[in-house]
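Structure at a glance
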Amino acid sequence: MLVPVALLEGFLRPDLPHRVVAVTLTIVLLPTLLWRRTHPLRMLLIVFAATALAPLLTGGVPSEAYSLAYLLILVYALARWGSGREIAIGLAAMIAVVGLSTAFGRMVPSDVVGSFAVMSAATTLGIALRYRARARSRELDQVKLLERAQLARDLHDTVAHHVSAMAIRAQAGLATSASRPDAATDALKVIEEEAARALAEMNSMVRVLRQNQPPGLAPGLASELAPELAPGRGVADLAELATRGSAVPAVKVNLSGDLGELPASVGAALYRMAQESVTNARRHARHVGLIEVSVSAEEDCVRLSVTDDGSPPAAPGLGSGYGIIGMIERAELLGGTCQAGPGPEHGWTVTAVLPRAGRRS
């Protein structure tokens, strides 16, 4: 587009001095725009050299073609894509060119002020967009890290829960296979059901990974993923954690209050924290016979409590795994709290309080 603009200026502008040299210089320097991102300083120096040597062909008269204004793109490109060293060299070169032009009488003081104002505007624009691009890149990196952390917690919760259940059932089946073959068969059925659930949830999370990230997602909202990006579990699924029959340890689930209007993120967090707590009690608590899961809805928050009647672990604490750490992070991301430790009388207790409406701004 700039080629016909330069030609039209050469034909239609009557006061353009040395129109042939001016139009030729404008067109010859156009290819420098093609490498303005990869070699911004080199292209800018080529332009300065060409415009400085052009007056030798015109008897000392500098080119005054209006279409040469596109060279400001090179000044912008230097600030936008150049390194710090290149920007410093380019600014020094621009100041030197303007100073030499003033010293040889090619520019009057008013032109110097105007030149510096225009070059400063182009440089400032390049630096501003450079900073904005980097900030946007950091924002996207934070969102990706949060999504990866959430996926890691979901993978841990799902796999740990189902694999733990399968391992327990397999051990029970092996222990009773000789005396009670029917119990071994029941254990195999439970293992099959748990494996099918684990596979279904894994496939659900793979579909989540294949979906596109919502545009313009801010880091502060990354923890509150849209319902279609969150695992498909909620308060209604807590009943699945309860055991039936004479299974040991027994798991009881008690729900109270209005739990029907909870956001998907809060429901998913409650389910995952309850699931992780039950898994930890089964895996680490000693002599446990009953695990109680209680969820109560209040006016502005939802409370989760998971207790067991066993003996605390030999070395209570966060341990080397990510289960309790994941629960604490999940609660904090939603603006709530989560605590885990020995119960007042026996066993282990996990308590969590989440805002009813999710994270508050």
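One can find the structure itself at the top, above this paragraph.
Quick summary incoming for the structure in this document. (Residues numbered from 1 in each chain as written. Predicted model: local features only at pLDDT ≥ 70, side-chain atom pairs only at ≥ 80, totals over all residues. Heavy atoms only, no water.)

Along the protein, the regular secondary structure elements total 9 helices and 5 strands. Each helix and strand of the protein, placed in order from N terminus to C terminus, yields the pattern α-α-α-α-α-α-α-β-α-β-β-α-β-β. Within the protein, the fraction of its 361 residues that count as buried is 38%. (Helix = DSSP H or I, 4+ residues; strand = E, 2+ residues; numbered from the N terminus. Buried < 20%, exposed > 50% of the residue type's maximum accessible area, 1.4 Å probe, protein only.)

What follows concerns helix α3 (residues 40-53). Along its 14 residues, α3 runs 20 Å from first to last C-alpha, staying within 8% of the 20 Å computed at 1.5 Å per residue. What α3 keeps buried is the set P40, L41, M43, L44, V47, F48 and A50. Those residues of α3 that are buried lie in contact with α2 (19-28), α4 (72-81) and α5 (84-103). (Expected span 1.5 Å × (residues − 1). Contact = heavy atoms within 4.5 Å.)

Attention now moves to the packing of α3 against α5. Two numbers describe how α3 lies on α5: the axes approach to 10 Å, and their chain directions differ by 10°. Considering their axes alone, α3 and α5 lie roughly parallel with respect to each other. In this structure, α3 uses P40, L41, L44, L45 and F48 to contact α5, whose residues at the interface are E86, I89, G90, A93, M94 and V97. (Axes fitted to C-alpha atoms, helices over the stretch in contact; angles between N-to-C directions. Parallel < 35°, antiparallel > 145°, perpendicular 65-115°, else oblique.)

For the coordinates displayed, the defined rule picks out 1 aromatic pair. The aromatic ring of Y66 is capped on one face by R13, whose charged end is 3.8 Å from the ring centroid. (Phe/Tyr/Trp six-rings, centres within 6.5 Å; stacked < 30°, edge-to-face > 60°. Lys NZ or Arg CZ within 6 Å of the ring centre and 35° of its normal.)

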